[in-house]
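Read off the chains here:
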Amino acid sequence: MNIRVPVLLALAAVLLSSAGAGAQMAGMPGMDTDGPTIVRAARMFDAEAGRIVEGAVLVVQNGHIMAVNPATLPDSDHDIDLGDVTLLPGFIDAHTHLGGEIGPTSFTAPVTETVADATLHAVKNGATTIRAGFTTVRDFGGEATVALSKAVERGDVLAPRIIPSRNALGITGGHCDATGWAAGVLELGPKEGVADGPWEVVQAVRYQIKHGAKVIKTCATAGVLSMEGPVGAQQYSYEELKAMVDEAARHGVKVAAHAHGSEGILAAVRAGVASIEHGSVLTDEIMDLMKERGTYLVPTTFLVDVIPLDVLPPLVRSKAEQVLPVARRSVERAIAAGVPIAFGTDAAVFPHGLNAGEFEVYVRLGMSPAEALRTATVHAADLLGTEDRGALKAGMLADIIAVPGNPVDDISVTKDVRFVMLGGRVVKHVEGGMDMHRMGPG
Ligand SMILES: [Zn+2]
């Protein structure tokens, strides 16, 4: 999905200080807790090994995991026994758009909503997403989620940690442009992400990074949820994509390429992007090259089951009906072929918070439940370049969740997250059907 916020109408940043500013954000980055917290559970998921470990005792302090199943425990006033649940690293969704959600008004949002509106949507959707167990997202959402990412790191707002792209890069009239408007309305340039030719692309990359992008998102091909032509057509040339990847790499930043058709996917993989988003028409040649280069596929396939077709304009609906079944088959083939896969949903194309539905589809398409859990932990952390999360071990951020029972026996329990800790702070704790929603450790 491409959600374009109206840059021409940019307002001063909204103040987000009301959401929890008074509470002590124990365990958030840069803040000390008074003592260690112990978290106990019947079992935990070892994401690196891809297996369940019976019995889990985690020691958390200063926002990090200090020890896992240690021989001796430190004294603690905060001892949480979660019982018959499985602890997992907080899930990572590598493809969200927190600043909006599909609906009857989403296609006119570019001329009816401001950056401030998008930011407030992102605050609400971020809260929903973290309560679903997703403690990190890579978000393709313009200025709104750059601002939200900073507010989360300050501990001001409860939302997942965010790797933001700022404005996505695309060709004039392409999927990442604002299309469907009269000439003169919403004409965008490199600062807004619309750039043609290698040098403009380089300028656009530099500008996004200057203003907070931690990943570059691009539209290598046309797309579904926009008013331009055939869904799979290549939009950026190999030369433009190569210039983008090379410039981003000079800043230590990776590129994520939205791509449906095979020519555009192949050009993006050859240019060195870190991930292909959607990847609707995969060929054997593409899959071999992705395996060879370690290029991740971010499938966004749960949306096929839940996209609300009736709210789509006729052109968009017909594109969706054409490409989505093809895309689903490509994911199945990619799983069978062993293409690297990182969990990503395109949340916004369906209601935020339903992200875990993606796990069930991977399993239905042939992936083992343990491997499905790895896509949203170790694999997504590798794609995002965030080495401080994605596994429950000493030194990692204390981003910890719990699901009832055993997710390797029944992957659907990932939709029923009972406990969420972000940086050592308990932000959700359902006990006996009641959410304790404690704001501090213990
Ligand atoms: Zn998207």
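Residues numbered from 1 in each chain as written. Predicted model: local features only at pLDDT ≥ 70, side-chain atom pairs only at ≥ 80, totals over all residues.

Participant: I tried to follow helix α4 (residues 198-210) on my own but got confused; where do I start?
Facilitator: Given 3.6 residues to a turn, an α-helix orients residues that are three or four positions apart in the same direction. The end-to-end C-alpha distance of α4, which contains 13 residues, comes to 18 Å, matching closely the 18 Å that a straight helix rising 1.5 Å per residue would cover. All of the buried residues in α4 are Val-201, Ala-204, Val-205 and Gln-208. Down the axis of α4, the smallest arc covering the buried residues is 100°, so these residues share one side. α4 presents Trp-199 and Lys-210 as exposed residues on the side facing more than 90 degrees away from its buried surface. Of the surrounding elements, those touching the buried residues of α4 are β9 (216-219) and α5 (238-250). Phi for Gly-212, located one or two positions after α4, is positive at around 110°. (Helix = DSSP H or I, 4+ residues; strand = E, 2+ residues; numbered from the N terminus. Expected span 1.5 Å × (residues − 1). Buried ≥ 20, exposed ≤ 12 C-beta atoms within 10 Å, placed from the backbone. Arc of directions from axis to C-beta. Contact = placed C-beta atoms within 7 Å.)

Participant: I'm lost on the sheet that holds β9 in this one. Help?
Facilitator: Where strands meet in a sheet, backbone hydrogen bonds hold them as pairs that are either parallel or antiparallel. Spatially, the four strands line up as an open sheet ordered β9-β10-β11-β12, and their pairing is parallel. The sheet is open, and its two edges are formed by β9 and β12 (296-298), each paired on a single side. Ignoring strand direction, the axes of neighbouring strands in this sheet form an average angle of 25°. Strand direction decides the pairing type here: β9 and strand β10 (residues 255-259), joined by four bridges, are parallel. Bridge pairing in β10 places Thr-218 opposite Ala-257. (Pairing = 2+ DSSP bridges. Axes fitted to C-alpha atoms, helices over the stretch in contact; angles between N-to-C directions.)

Participant: Would you mind going over the packing of helix α2 (residues 115-131) against helix α3 (residues 142-154) with me for this structure?
Facilitator: Axes are the key here: two packed helices are described by the angle between their axes and the distance separating the axes. Their axes nearest at 8 Å, the elements α2 and α3 cross at an angle of 50°. In terms of orientation, α2 lies oblique with respect to α3. Both α2 and α3 take part in a crossing whose hand is right-handed. Each of Val-115, Ala-118, Thr-119, Ala-122, Val-123 and Gly-126 in α2 lies in contact with α3, whose residues at this interface are Gly-142, Glu-143, Ala-144, Thr-145, Ala-147 and Leu-148. Here the contact of α2 with α3 is composed, by residue class, of seven nonpolar, four polar and one charged. (Parallel < 35°, antiparallel > 145°, perpendicular 65-115°, else oblique. Left-handed = near helix turned anticlockwise from the far one by under 90°. Nonpolar A, V, L, I, M, F, W, Y, C, P; charged D, E, K, R; others polar.)

Participant: I would appreciate a short explanation of the sheet that holds strand β6 (residues 91-96) in the present structure.
Facilitator: In space, the three strands of this open sheet follow the order β6-β7-β8, with parallel pairing throughout. Two strands lie at the open edges of the sheet, namely β6 and β8 (161-164), each paired on one side alone. Between one strand axis and the next, the sheet turns through 20° on average, direction left out of account. Relative to strand β7 (residues 134-139), β6 is paired through four bridges, and the arrangement is parallel. Bridge pairing in β7 links Phe-91 to Phe-134. Across the sheet, helix α11 (residues 369-384) touches β6, β7 and β8, and the angle it forms with β6 is around 50°.

Function cannot be read off these values alone, since they describe shape.
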